[in-house]
Amino acid sequence: MLYRYLTYRPFRAVTLFASLSLVTALWATAASAADDWSEVTDPLPGEPRIIGHHGGACLVGAEQLPADGVGYQAVDMKRNRHYGHPVLVDYIEDLGRRVDAAGFGPVLVGDMAQPRGGPMPYGHVSHQSGLDVDIWFRLDLPLLDHSQREGIDQPILVDSRTQRLDGRWSDRHAELIRLAADDSRVSRIFVDAAVKRDLCEREWDDRSWLRRVRPWHSHDEHLHVRLRCPPGADECVDQAEPPPGEGCRAIVPTPRPETYPSPSRTLPQACRAVLRE
Ligand SMILES: [Zn+2]
């Protein structure tokens, strides 16, 4: 989709005509108005719709994840980012039940999306479409009061010198990622390369889910789950499938950028009404 690659810039008159067809298909927000997505406090009610892709999208009919459920607890709730397409809420609740059945948890559920999706002022490039969620590796906390769930210390489990997992990494972490990935709704799970290596080195009866676990920098204290567009969501744009195979042959760490890119603020035109209504 073209809008993935376009960013806002003032049009010169000479390019205006050529751009008219794009203007009808696009809505590019100026930077000054962009924070509006983070200022909207409630979802837009209606049939759930995802308009766009994970790095440039808005959301109608989002559901808020209940702060507590079997096997999970939401954290950093003051950010107001625990919204998603209903399929994401279902997925997290199912994962919590499977974690609980496996005898551990609660897992800490971090950011999902804003009430109407869209770019966030800090923290993420994606998480715009209501199909992404961060789950922390920290597994040693009991159910906490809501007031204790802000800014929890999240230890980094990869030694930056050796690029190896440290002693706090456990079988439970590996099992958490297997449980998270072994679900046909999942498109990808991003983890540090050291985590992917550990998972590849383990013996599993079924290894098909390993394909969905992809090495990506800055995921040394959490995993990031991205779901596929749900069936029938025809305004939702999926990421291409990962390459075939387990992805275990050459696990190349992606370098952590010196400065993180800003999220795209170029959204499909239909998102204008989602923000303003
Ligand atoms: Zn994330």
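Structure: see above.
Read on for an overview of the structure. Not measured: the values here are computed from a predicted model.

1. Section: the nonpolar core
- Counting residues in each nonpolar core, the largest one holds 53 residues, and the members touching the most others are Leu88, Ile92, Val109, Ile177, Ala180 and Ile189.
- If you tally residues by element for this core, the top one is helix H3 (residues 86-101), at seven residues.
- Setting aside residues up to four positions removed in sequence, Leu88 forms contacts with Met112, Gly130, Leu131, Val133 and Leu227.

2. Overview of the packing of H3 against helix H4 (residues 171-181)
- Relative orientation of the contacting elements H3 and H4 amounts to 140°, with a least axis distance of 10 Å. Put simply, H3 runs oblique to H4. Note that H3 runs across H4; the crossing there is right-handed. Residues Leu95, Arg98 and Val99 of H3 form the contact with H4, whose participating residues are Leu176, Leu179 and Ala180.
- For the contact of H3 with H4, the residue count by class is five nonpolar, no polar and one charged.

3. Thoughts on the pairing of strand S12 (residues 186-191)
- Bridge analysis of S12 against strand S14 (residues 222-227) gives four bridges, and the strand direction is antiparallel. In the sheet register, Ile189 faces S14, and the bridge partner there is Val225.
- Remark: the S12/helix H5 (residues 193-201)/strand S13 (residues 213-215) crossover connection has right-handed handedness.

4. Re the environment of Leu88
- Among the secondary structure elements, Leu88 is positioned in helix H3.
- Sequence spacing of Leu88 and Val133 is 45 residues, and the spatial spacing of their C-alpha atoms is 8.1 Å.

5. Points about the environment of Val75
- Tracing the chain through its elements places Val75 in the loop between strand S6 (72-74) and strand S7 (83-84).
- For Val75 and Ile152, which are 77 residues apart along the polypeptide, the C-alpha to C-alpha distance reads 8.0 Å.
- Setting aside its immediate chain neighbours within four residues, Val75 contacts Leu108, Val109, Gly110, Arg149 and Ile152.

Analysis parameters
- Residues numbered from 1 in each chain as written.
- Predicted model: local features only at pLDDT ≥ 70, side-chain atom pairs only at ≥ 80, totals over all residues.
- Core = buried A, V, L, I, M, F, W, Y, C linked by C-beta atoms within 7 Å.
- Buried ≥ 20, exposed ≤ 12 C-beta atoms within 10 Å, placed from the backbone.
- Helix = DSSP H or I, 4+ residues; strand = E, 2+ residues; numbered from the N terminus.
- Contact = placed C-beta atoms within 7 Å.
- Axes fitted to C-alpha atoms, helices over the stretch in contact; angles between N-to-C directions.
- Parallel < 35°, antiparallel > 145°, perpendicular 65-115°, else oblique.
- Left-handed = near helix turned anticlockwise from the far one by under 90°.
- Nonpolar A, V, L, I, M, F, W, Y, C, P; charged D, E, K, R; others polar.
- Pairing = 2+ DSSP bridges.
- Right-handed = clockwise from strand over helix to strand, strands pointing away.

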